[in-house]
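Inside the fold
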Amino acid sequence: AKYVPDEYEADKQLLIDFYNSKGYRDAEITLDTLYAQNAKYMQVDVHVSEGQKYFFRDISWNGNFLYNDETLATILGVEKGDTYNLELINKKLTYDPAGIDISSLYMDDGYLFFNIVPVEVGIESDSIDIEMRINEGSQATINKVTISGNDKTSDHVIRRELRTIPGRKFSRSELIRTNREIAQLGYFN
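Below: a short report on this structure.

Thresholds, definitions, all that
Residues numbered from 1 in each chain as written. Predicted model: local features only at pLDDT ≥ 70, side-chain atom pairs only at ≥ 80, totals over all residues. Heavy atoms only, no water. Pairing = 2+ DSSP bridges. Helix = DSSP H or I, 4+ residues; strand = E, 2+ residues; numbered from the N terminus. Axes fitted to C-alpha atoms, helices over the stretch in contact; angles between N-to-C directions. Contact = heavy atoms within 4.5 Å. Buried < 20%, exposed > 50% of the residue type's maximum accessible area, 1.4 Å probe, protein only. Arc of directions from axis to C-beta. Polar contact = N/O pair within 3.5 Å; in protein donor to acceptor, adjacent residues only side chain to side chain.

**Structural notes on the sheet that holds strand β4 (residues 115-124)**
The three strands lie next to each other as β3-β5-β4, forming an open sheet whose pairing is mixed. Strands at the two margins of the open sheet, each flanked by one partner only, are β3 (55-62) and β4. Averaged over neighbouring strand pairs, the angle between their axes works out to 25° when direction is ignored. Note that β3 and strand β5 (residues 127-135) share six bridges and pair parallel. Its bridge partner lying in β5, N62 is registered against R133. This element, helix α3 (residues 86-94), spans β3, β4 and β5 of the sheet and lies at about 150° to β4.

Okay, here's the thing in structure tokens:
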């Protein structure tokens, strides 16, 4: 492949992200060198300091009133002693295409303004304590659905595919489903 400086920098970050996902939270690139091997090829040397491998210890929940700690912990699916993986945590908090995540649990019940932030509150030896700080917000109701830019079909054809109907509580999964069903009509990009 050709050497592209921007892609090289992005690849270095992907390398660190890989180490982080394996529990090496403090991994860093200590040295990277590029030099010509010959007229056609270049050599890339990257030295990585993994640091210590970390594990989850205690995960606590703060600000949750709608769902109890046990329900949220079950959905999160991280146990004490599991390898520290912030990427997995963020996926299980915000959007997990393979299953349910905590944001969809709230957003499917109308909590459009729901927010959750994982905060490292304690590091001892090789263990990290995490506090999940939740702001549930208030429930949102769909007020109005506007269709614009449609010149292929009648608006009622689109409206019959809507799962997001005025007067109902906001639901992220229903919004995604509506988007998918409208796309399947074949009228729109």
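And the narrative resumes.
**Concerning helix α2 (residues 69-76)**
Taken as a whole, α2 has its buried residues at L72, I75 and L76. With its buried residues spanning 100° around the axis, α2 presents them on a single face. Away from its buried face by more than 90 degrees, α2 exposes E70 and T74. Taken together, the buried residues of α2 touch β3, α3, α4 (102-107) and β5. Measuring from the backbone nitrogen of E70 back to the side-chain oxygen at the start of α2 gives 3.2 Å, which picks out N68 as the cap. Within two residues after α2, G77 carries a phi angle of roughly 70°, on the positive side.

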